[in-house]
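# Descriptive structure summary
As a plain string of letters, each chain reads:
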Amino acid sequence: MKFTTPLAWFEIVTQDFDRAISFYQSAFNIEFTRCDNEHMKMAIFPYEKEQVGGALVYSPCYKDHKPGASTTIIYLNTASVTKQLEIINNLGAKTIFPITSIGENGYIAGFEDSEGNQVGLWSQNP
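Computed from a prediction, not measured in an experiment: that's the story for all the values here.

Turning our eyes to something else, we now look at helix α1 (residues 17-28). Here α1 spans 17 Å end to end across twelve residues, near enough to the 16 Å set by a 1.5 Å rise per residue. Of the residues making up α1, those classed as buried are F17, A20, I21, F23, Y24, A27 and F28. Looking down the long axis of α1, one finds its buried residues gathered within 165 degrees of arc, a one-sided arrangement.

Positionally, F28 belongs in helix α1. You can call F28 buried: its relative accessible area is 18%. As for F28 and I87, which are separated by 59 residues in sequence, their C-alpha atoms are 8.3 Å apart. Dropping the residues within four chain positions of it, F28 is found in contact with L76, Q84, I88 and L121.

So, about the side chain of S59. Structurally, S59 is set in the loop between β4 (53-58) and β5 (75-77). Separated by 3.1 Å, the side chain of S59 and the backbone oxygen of H39 make a polar contact. Each residue touching S59, except ones within four places of it in the same chain, is listed here: H39 and M40.

Here we take up the sheet that holds strand β8 (residues 118-123). Remark on secondary structure: sheet strands pair via backbone hydrogen bonds, oriented parallel or antiparallel. Strand order in the open sheet made by the four strands is β5-β8-β7-β6, with mixed pairing throughout. If you trace the sheet from one side to the other, it starts and ends with β5 and β6 (94-101), each paired once. In this sheet, adjacent strand axes meet at a mean angle of 20 degrees when their direction is disregarded. Relative to strand β7 (residues 107-112), β6 runs antiparallel, the two being bridged by five bridges. What sits directly across from T100, in β7, is I108.

Cut-offs used in this document
Residues numbered from 1 in each chain as written. Predicted model: local features only at pLDDT ≥ 70, side-chain atom pairs only at ≥ 80, totals over all residues. Heavy atoms only, no water. Helix = DSSP H or I, 4+ residues; strand = E, 2+ residues; numbered from the N terminus. Expected span 1.5 Å × (residues − 1). Buried < 20%, exposed > 50% of the residue type's maximum accessible area, 1.4 Å probe, protein only. Arc of directions from axis to C-beta. Contact = heavy atoms within 4.5 Å. Polar contact = N/O pair within 3.5 Å; in protein donor to acceptor, adjacent residues only side chain to side chain. Pairing = 2+ DSSP bridges. Axes fitted to C-alpha atoms, helices over the stretch in contact; angles between N-to-C directions.

As far as function goes, none of this settles anything; it's purely spatial.
Below, the structure is given as structure tokens:
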């Protein structure tokens, strides 16, 4: 098997689904596609067909999930880590690691979202 990208999909587990949707919609100025069924609720991030996609997820199977430092960090693309982190912090998020140069590979930063998950940001420019 050959990967075109190592990331195929991501899910950010939520405990308060509507709060998480509101947070990410405001932080990134996006609209989610809702996909609810009897087993789970999903709010799918906008993405292009055959590209990496992901969703906010609420499901009874995650009821005991305790978001936090032990969760996997996924990195979301943004035009500017600096500007995005400012928006996110104004929404009440907490920076968990500052804007950091990763050399020719761009810049990263991390934040704790409205659900207590640690999420990363990446951009080519600060």
